[in-house]
Amino acid sequence: MKKLLQSLFVLLFVAFNAMAQERTITGIVTSTEDNIPLPGVSVKAVGSQAVAITGGDGKYSLRISSSVTAIQFSYIGFSSKTVSITSSSILNVGLAPDSKSLADVVVVAYGTQKKESITGSVSSISAKDLEKRTVTNITASLQGSAPGISVLASNGQPGNSSGIRIRGFGSYSSSNNPLIVLDGAVYDGNIGDINQNDVESISVLKDASSSALYGSRGANGVIIVTTKRGKSAEPAINVNFSQGWSTRGIPEYERLDAAQYYPAVWQAIKNNLMFSASPVLSDAAAATKASADVFTNLVYNPFNVPGGQVVGTDGKLNPNASLLYDDFNWYAPLERTGKRTDANVSTAGKSDKTDYFVSLGYLKDSGFILKSDFERFNARVNVNTKLRSWLKTGLNLSGAMSDANTASDASTGNGSSFVNPFSFARGIGPIYPVHAFNAAGEPIANSLTGEQWYDYGIHPGAVNRPSGASPGRNVVYETMLNDNAYKRSQLSARSYIEVKFLKDFTFTPTISMDLRNNNVDQFQNPIVGDGAGSNGYKFQSNAVTKSYTFNQILSYNKTIGKHAISVLAGHENYYFKYRIFQADRTNMVARGNTEFANFVTSSSSYGREDNDRIESYLSKVSYSYDDKYFIDGSLRRDGSSRFSAEQRWGTFFSAGATWAIKKENFLKEVSWLDDLRLKVSYGQVGNNALLDGNGNNRYYGDRAFFDLGSNSNTEGGVLLASIATPNLTWEKQNTLNTGVSFAFFGRRLYGELEYYNKQVDDLIFSVPQPLSAAVTSVYRNIGAMYNRGVELQLGGDIIREQNFTWGLITNWSIFKNKITKLPAETPTIISGTKKREVGHGIYDYWLRQYAGVDPNDGAALYIPADGTLPANIRTVNGVQYVTNQSFAKFDYSGTAIPDLMGSFVNTFSYKNLSLSFMVNYQVGGKAYDSIYQGLMSTGSYGGALHQDILNSWTPANNTSNIPRADFGATANTNATSNRWLIDASYWSLRNVNLSYNLPKAWLNKIKVPSARVFATGENLYLHSKRKGLNPSESFDGLNSNVYPQSRNFSLGINLTL
Amino acid sequence: MKKLLILTSLVVALIAPGCKKEYLETKPTDQIALEEVFTSTTNANAVISGIYAYMNTRTTTTTSNAQGKPGVGGILLGIDFMGEDLHQAAATWFTSTGEGNYVAPRTDTHASNLYYYRTFYRMINNANYVLDNIDLPGVTGLDSEKSRLKAEALTIRAYAYSYLVQFYGTRYNAAAKPNAQLGVPLVLTSADIIKPRATVEEVYTQIVADLDKAIALNSTTKTNKTHADVWVARGLRARVALTMQDYPNAIKFAKDVIDGGKYPLMSQTDYVTGFNNNALSEFMWCAMPTTEQGDTFGSFYGQIAYNANTTYMRGTPKMINSNLYNQIPVNDVRRKLWEPAPTAANFPLPTAAFTRRAYMSRKFSVKTVGDPSLGDTPWMRSAEMYLILAEAYARSGQDALAQTALFDLVKVRDLTAVKTVKTGTALIDEIMINRRVELWGEGFRYLDLKRLNLPLDRTAANVPNYVGTSVANLLTIPAGDVKFLFLIPRDELNANPLIPQSAQNP
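Residues numbered from 1 in each chain as written. Chains lettered and ligands numbered in written order. Predicted model: local features only at pLDDT ≥ 70, side-chain atom pairs only at ≥ 80, totals over all residues. Heavy atoms only, no water.

1. Considerations on the overall build of chain A
Line of reasoning, step 1. When you go through chain A residue by residue, the secondary structure sums to 12 helices and 50 strands.
Line of reasoning, step 2. Taking 31 Å as the expected radius of gyration for a compact globule of 1057 residues, we find that chain A reaches 33 Å, a close match to that expectation.
Line of reasoning, step 3. Based on the C-alpha atoms only, the size of chain A along its principal axes is roughly 115 × 70 × 70 Å.
Line of reasoning, step 4. For chain A, buried positions account for 57% of its 1057 residues.
Line of reasoning, step 5. With an accessible surface of roughly 41,300 Å², chain A has 57% of that area assigned to carbon and sulfur atoms.
Line of reasoning, step 6. Side chains of chain A give 98 positive and 86 negative charges; the mean places of these two sets differ by 7 Å. (Helix = DSSP H or I, 4+ residues; strand = E, 2+ residues; numbered from the N terminus. Rg over C-alpha atoms; globule rule 2.2 N^0.38 Å. Buried < 20%, exposed > 50% of the residue type's maximum accessible area, 1.4 Å probe, protein only. Areas by Shrake-Rupley, 256 points an atom, 1.4 Å probe, with all protein chains shown as cover. Lys, Arg positive; Asp, Glu negative; His and termini not counted. Charge placed at Lys NZ, Arg CZ, Asp CG, Glu CD.)

Here it is as structure tokens:
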């Protein structure tokens, strides 16, 4: 009753007021999210011409006639709001950010588009989303951001890019990497050089109709990064500072300790002598010999009893044995607490003719492993100005200088190298100390400095470790003494002239340039390791990448009544040049100087240039009626220098339609439905990014070549490298995308469900040739494959109270990958652990079939291959097996592709406080755990062993399902087989962000418009099926000795001045 | 409208320059097109030189332990470690990496197996390109140059097949002709891609045919000893004949080389200089890397030279079978190549970090300590010809000639030696002991065991200083055992439909 009265009173009041002639309304517009005043908000009286703009303090003043009953507030990036006016002349309004609003403008191929008009599949990430992440490389921020985007767990090396796949795997022997576009042109710099703080939005084009305008390069999806520009009339200064700390994010595998290790090795030696030696020994003789041999083979004895007595003939550690020293954790001296400092200052502003954005950034990210860091200076100037009413121009210029030290790991091609700290520290047996000790267990000190020597095989009193324990090497010492650094400088420029003419036409020539200079600097010291044999080694390379994109786009936009049409036509020219020079020298003169001049002997030098060019014509037509029906189509013709003259031109196209059903009359009245739209699109895009076996681009894939450089003495020599394949052409990808998007209950529940079918034709396979052939692989367009998937993004505002909100966004992706065509002459293609065949996916495992353990001798049993000779068969309990893996049957063994992938993001906000966390997960799929396989191998003396080895078969433990540990049989007992597959399901707490907007009351005192403090955690927890395993390390399910991803924690502050 | 016209012409003007056809023509700068290679004998020579360089370069076939796989040299070392006369005290390269423990031959995915197979086939295929293209009308150059290139290509091809057939086929048995057991695919032209396994007989027939053709081309001019001239072809022909138990031809061709006098035996002084130099008189065929082509770790000398400064050589000196050593006469210069009781005085080493072990070798030395383990890997020495000659005489019952042939070698090695008077098996045994001592480390022992159908015996009675754990205690293999037979690599089976699982070796 009280409410009714109130309303009545208001109504009367309004009616009374309407009689007045004119009045002034004033107020302040703020963001509901953080209560910061919003400058530049357009304030408009509904039904009249009166307009105002808020000032830098968010205040406005609008003079309106008495007939005006409502005022509309609109601002880019925020939901527009129409507020009825009351008698009060003060109207303060809060605008809510509208990242999910359909009115959003999204950056798409060659332009921007209202989100509602998109007929394809585009996901976008805003600066607001990026703010929550403290990642050194922006690729990591795509993780979990939208369905259909698979991002690998980042390598822990600071600054490293994460692998990205969009909607499955579009290619086999060509690149699967999405195209990166920066501010309108294909970006040839390193994505690690883009400052996250400069990024306004990232759009991910997932289907063919969105990416068709990128023609021959669009097949793997496109990631469009758009940098910031000045938006508000009031110049703003933004200062952002964060300080972070990092540690190892994935635990180590469970390995044996020193006391467990000696007996385990004893057992494996005894098993060798009893079962795989020739001649074999009796149990007793083997036990006695093993007790002696265990020390002679392990060489080191850190116990206080003689080496031959460490393990008794009973296989147990001598009860009197205790450790003389404990210096076996090789990670400890290599690890440190990583530090990350990120400081940015930017200014931005906009007048009616010119806008600008200027930023400076500094980032230093030191990893949790010695000598791994990344330091970057960034600067950007983005200026756009309207010279005449019909002429506009702009320049977006950015530069970055990066300076990094790189840890050697599998991602740098050093998977099992002695300088890889991870493989070394993981793989060395737990009885080998980091520092030097003598047989009595006393430290061996350098007589000059008094410091204890590192144990590196050349120090006084050195003893060589056995081959499994990296003899003669010491990764701690080598990491300290060696250098593996790069310096990169990057300059990117994007400039355009926009000419408007004949009212509806715009002509925009654009020139974009990326220039990158990359210096690699490696030094191997003369004391220990690879440089020791040549008295020091120095390698240096300099690579320059230059690329230009030059395009001219003519566009026509016209709205006639409810009809809106836009047409775009253009020409584009792409020019890419890569030049590298490298050299190395040996024989160092004076210590401390690692420049070439300080080395005596020139050892080798090399140089090369690569060119890649594309010539294109493109066009697009869009039409919409009443914002209800949208159709568009695009066409692009590309000529690529990567193919022969006969094959190089290709035409790519797309067509799509969207129907905004909610706008139909029959749904207009359904109040609980806010939005419902259907869309469908179809298109064809290409992939010209042919790769060689090492993952490098192949620019000349169609011809037969000999490699230069195989010189013999003073005579030049060449070796056949490839054979001619003149018919090689692009892969073509035809994608059907359909989707429905919806919002219910006042946008409390919203989402989008999409189905796609990506059909790849002329799929290029690097067809393995017999080892007896001239080349071991030939590239041919022989296959076809599809990726079909369903993606769902479902969001909800679970709680939407004035002071407290809880929002949840979930992403779900499933897809199936299947090969649909391979030619009759090569119906199957087997490489590594996978086999490709019609009806199977590209990551289907093809492995030898492990069948358990023979209880009689602990041999690993395998299912026999068809046609295995009886001599090679072993019958156990009436079943036929083989024990030599070479005769084991191969079979399909599941896939590396998970059944379901997804993420969910929870965001809570209470008053000024906001907390969000993101969880990534995957269900199903299998990982091939080769690291575990290595740790279960007793193939060489001195290597670390996994705890599971303790449960392996022994005569006393003959029901074990782990074959016997045996130094003479590991090739068969531990062979590559389906035994090493493990469920790849995991979940990971990827990101947590807590932020607090400092109250206005405090800030006013120090004249700061807004300030936010925040705390962020990245990669806080990973749960996988085996401790140490990171199932999101690779797409093909294999793992290697990589820099484990780091767990980061940061504190930061963001000030707007 | 005028504005539109201006702009349209602007658009056209901007598009036009990009349309030039050659804009899209690019080519690599670190490769040379096939068509350019076979335009002249000078260019074609680069293919032959490329093969020689490849024979002395660490493998790229496999990433596993590639530095222990320096081209053909690594294979020669590997197969010597498969015998009993060359060994080391620890399970490391060449012992636990698949060779000494016989895991590589019996594992179809083993890196060393792949490396052996691919190394020789890559040589064969590059040689095939020369043979296919050198006579094309577009190739300029002297006919004599074409003959030379052809002869070298044929010799290289025969050399490669001679190893492949011995690894992947069971032994050639002259008493069981034709040897119908499966050998290896015979890839003979650049168009051959998928070939089935030919029989051992067919492979040998091809090897002999290639060598006879090469010998007929009589190529005698060469830039350096890396090139396989007619003398190398003859030497190889003798070696192959010996393997085929074709003693008349072994005698004929070995004798041809010896009588040719081009490669006299080394002096006693030269003999102890480290077997690393093409200038040594009896080197018939060898690699000749320059410093730039050297490889500290991934080279033959990086694995075998006693003074190569690598962890492997510092920690694992190579030893000779002590029983074999003890049969070397006291005055024989060859005794100096090993040291039964090495000390700092009698066996100086570059640094204190080098390990000494009884019966360690100093046969191979790097040219200069510090230079990247440089040396000229020998592929053929004339001493082998004396041994072939002696053995072939002895095995064909011509003991007197055998005694002389052996003495021609022994008298140079041991200035006090007297001609043996042994006959029959005893004579053969003496020749074989000389062969084992003389060719130690050069890649013969495994092939001899297989050729002669002998067992492998590393037990204490035969090799007192053998360290069993270095090879996972694999001390004996009976004669003719399946372990002596390499399995065809899985990668070949996977991509070659003409070699089904049923055509795999047992």
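2. Side note on the pattern of salt bridges
Residues and elements named next belong to chain A.
Line of reasoning, step 1. Going through the model one piece at a time under the given rule, you end up with 87 salt bridges over all chains.
Line of reasoning, step 2. One salt bridge connects Glu 572 with Arg 636, and the closest N-O pair in it is separated by 3.2 Å. Of this pair, Glu 572 sits in strand E25 (residues 563-588) while Arg 636 sits in strand E27 (residues 629-640), placing them 64 residues apart in sequence. Accessibility assignment for this pair places Glu 572 and Arg 636 in one class, buried. (Salt bridge = Lys/Arg side-chain N within 4 Å of Asp/Glu carboxyl O.)

3. As for the sheet that holds strand E14 (residues 185-186) of chain A
Residue and element names in this part refer to chain A.
Line of reasoning, step 1. Spatially, E10-E15-E16-E13-E14 is the arrangement adopted by the five strands of the open sheet, whose pairing is mixed. This sheet does not close on itself; its edge strands, each paired only once, are strand E10 (122-126) and E14.
Line of reasoning, step 2. Here strand E15 (residues 199-205) runs beside strand E16 (residues 222-227); their pairing, made up of six bridges, is antiparallel. Pairing of Leu 205 across the sheet is with Val 222, part of E16. (Pairing = 2+ DSSP bridges.)

4. Description of the confidence of the model for chain B
Line of reasoning, step 1. Counting all residues, the mean pLDDT for chain B is 94, and 96% of those residues have values of 70 or more.
Line of reasoning, step 2. For this predicted complex, the interface confidence reaches an ipTM of 0.93, while the overall pTM sits at 0.91. (pLDDT = per-residue confidence, 0-100.)

5. A word on unusual backbone geometry
Line of reasoning, step 1. Cis peptide bonds are those with omega within 30 degrees of zero, and the linkage from A:Ser278 to A:Pro279 qualifies with 0°.
Line of reasoning, step 2. Secondary-structure assignment places A:Pro279 in the loop between helix H4 (258-276) and helix H5 (283-298).
Line of reasoning, step 3. Omega for the bond connecting B:Lys177 with B:Pro178 falls within 30 degrees of zero, at -10°, which places this linkage in the cis form.
Line of reasoning, step 4. Of note, B:Pro178 is situated in the loop between helix H6 (143-168) and strand E3 (182-185).

6. Some words on the interface of chain A and chain B
Line of reasoning, step 1. Opposite the 92 residues of chain A that make contact, chain B presents 90 residues.
Line of reasoning, step 2. Each partner contributes to the roughly 7,700 Å² buried at the junction of chain A and chain B, and carbon and sulfur atoms together form 57% of this total.
Line of reasoning, step 3. On inspection of chain A and its partner chain B, the count reaches two salt bridges.
Line of reasoning, step 4. Across the salt bridge formed by A:Arg648 and B:Glu25, the nearest N and O atoms sit 3.2 Å from each other.
Line of reasoning, step 5. At the junction of chain A and chain B, the tally comes to 40 residue pairs in polar contact (both at pLDDT 80 or more).
Line of reasoning, step 6. Listing elements by their share of the side of chain A that touches chain B, those giving two or more residues are H4, H5, strand E24 (537-560), E25, strand E26 (599-625), E27, strand E30 (705-708) and strand E31 (718-722) of chain A.
Line of reasoning, step 7. The biggest single contributor to the side of chain A that touches chain B is E26(A), with 12 residues. (Contact = heavy atoms within 4.5 Å. Buried area = accessible area lost by both parts, 1.4 Å probe. Polar contact = N/O pair within 3.5 Å; in protein donor to acceptor, adjacent residues only side chain to side chain.)

7. As for the sheet that holds strand E4 (residues 59-65) of chain A
Residue and element names in this part refer to chain A.
Line of reasoning, step 1. Strands sit in the order E4-E1-E7 across an open sheet of three strands; the sheet is mixed. On the outer flanks of this sheet lie E4 and strand E7 (93-95), each paired with one strand and no other. Here the strands of the sheet are splayed against their neighbours by 35° on average, with no regard to which way each runs.
Line of reasoning, step 2. As defined by bridge partners, strand E1 (residues 22-31) adjoins E4 across seven bridges and the pair is classed as antiparallel. Counterpart to Ile 25 in the pairing with E4 is Leu 62. (Axes fitted to C-alpha atoms, helices over the stretch in contact; angles between N-to-C directions.)

8. Section: the side chain of B:Glu201
All names here are of chain B.
Line of reasoning, step 1. With respect to the helices and strands, Glu 201 occurs in helix H7 (residues 200-217).
Line of reasoning, step 2. Here Glu 201 sits buried without a salt bridge, and the closest side chain of opposite charge, Lys 177, lies 5.4 Å off (N-O distance).
Line of reasoning, step 3. Polar contacts involving the side chain of Glu 201 include one to the side chain of Tyr 172, which spans 2.9 Å.
Line of reasoning, step 4. The contact partners of Glu 201, leaving out residues within four places of it in the chain, are Tyr 172, Lys 177, Pro 178 and Asn 179.

9. Considering the nonpolar core
Line of reasoning, step 1. Core analysis: the biggest nonpolar cluster contains 133 residues, and A:Phe706, B:Phe38, B:Phe120, B:Met123, B:Tyr159, B:Tyr161 and B:Phe167 have the highest contact counts within it.
Line of reasoning, step 2. Among the elements that make up this core, the one with the highest residue count is H6(B) (14 residues).
Line of reasoning, step 3. Excluding anything up to four places from it in sequence, B:Phe167 contacts B:Ile75, B:Ile79, B:Tyr116, B:Phe120, B:Tyr446, B:Leu447, B:Lys450, B:Phe484, B:Leu485 and B:Phe486.
Line of reasoning, step 4. In this structure, A:Phe169, A:Tyr262, A:Tyr477 and A:Met785 belong to the second largest nonpolar core, which totals 91 residues. (Core = buried A, V, L, I, M, F, W, Y, C linked by side-chain atoms within 4.5 Å.)

10. Observations concerning the pairing of strand E42 (residues 879-882) of chain A
In summary, the side chains of a regular strand alternate between the two faces of the sheet.
All names here are of chain A.
Line of reasoning, step 1. The sheet contact formed by strand E41 (residues 873-876) and E42 spans four bridges and is antiparallel. The residue of E42 that forms the bridge with Ile 873 is Val 882.
Line of reasoning, step 2. Count of turn residues in the E41/E42 antiparallel hairpin: two residues, of which Asn 877 carries a positive phi of about 50°.

11. Regarding empty space enclosed by the protein
All names here are of chain A.
Line of reasoning, step 1. In this structure the tally under the stated criterion is 13 cavities of 30 Å³ or more.
Line of reasoning, step 2. Size it by volume and the largest cavity reaches roughly 380 Å³.
Line of reasoning, step 3. Lining the largest cavity are 32 residues, with Ser 150, Val 151, Met 901, Gln 922 and Tyr 986 sitting closest to its centre.
Line of reasoning, step 4. Those elements that provide at least two residues to the lining of the largest cavity are strand E11 (149-151), strand E35 (804-821), strand E44 (900-910), strand E45 (913-923), strand E46 (926-928) and strand E48 (986-997). (1 Å grid on protein atoms, 1.4 Å probe; cavity = no way out; pocket = protein on both sides within 12 Å on 5 of 7 lines; lining within 4 Å. Points joined across faces, edges and corners; volume = space filled by probe spheres on them.)

12. Focus: helix H9 (residues 247-260) of chain B
All names here are of chain B.
Line of reasoning, step 1. When the terminal C-alpha atoms of H9 are compared, their 19 Å separation across 14 residues agrees well with the 20 Å that a helix rising 1.5 Å per residue should span.
Line of reasoning, step 2. Among the residues of H9, those classed as buried are Tyr 247, Ala 250, Ile 251, Phe 253, Ala 254, Val 257 and Ile 258.
Line of reasoning, step 3. Those residues of H9 hidden inside the fold are in contact with H7, helix H8 (230-243), strand E5 (283-286) and helix H14 (382-395).
Line of reasoning, step 4. Gly 261, located one to two residues past H9, shows a positive phi value of around 70°. (Expected span 1.5 Å × (residues − 1).)

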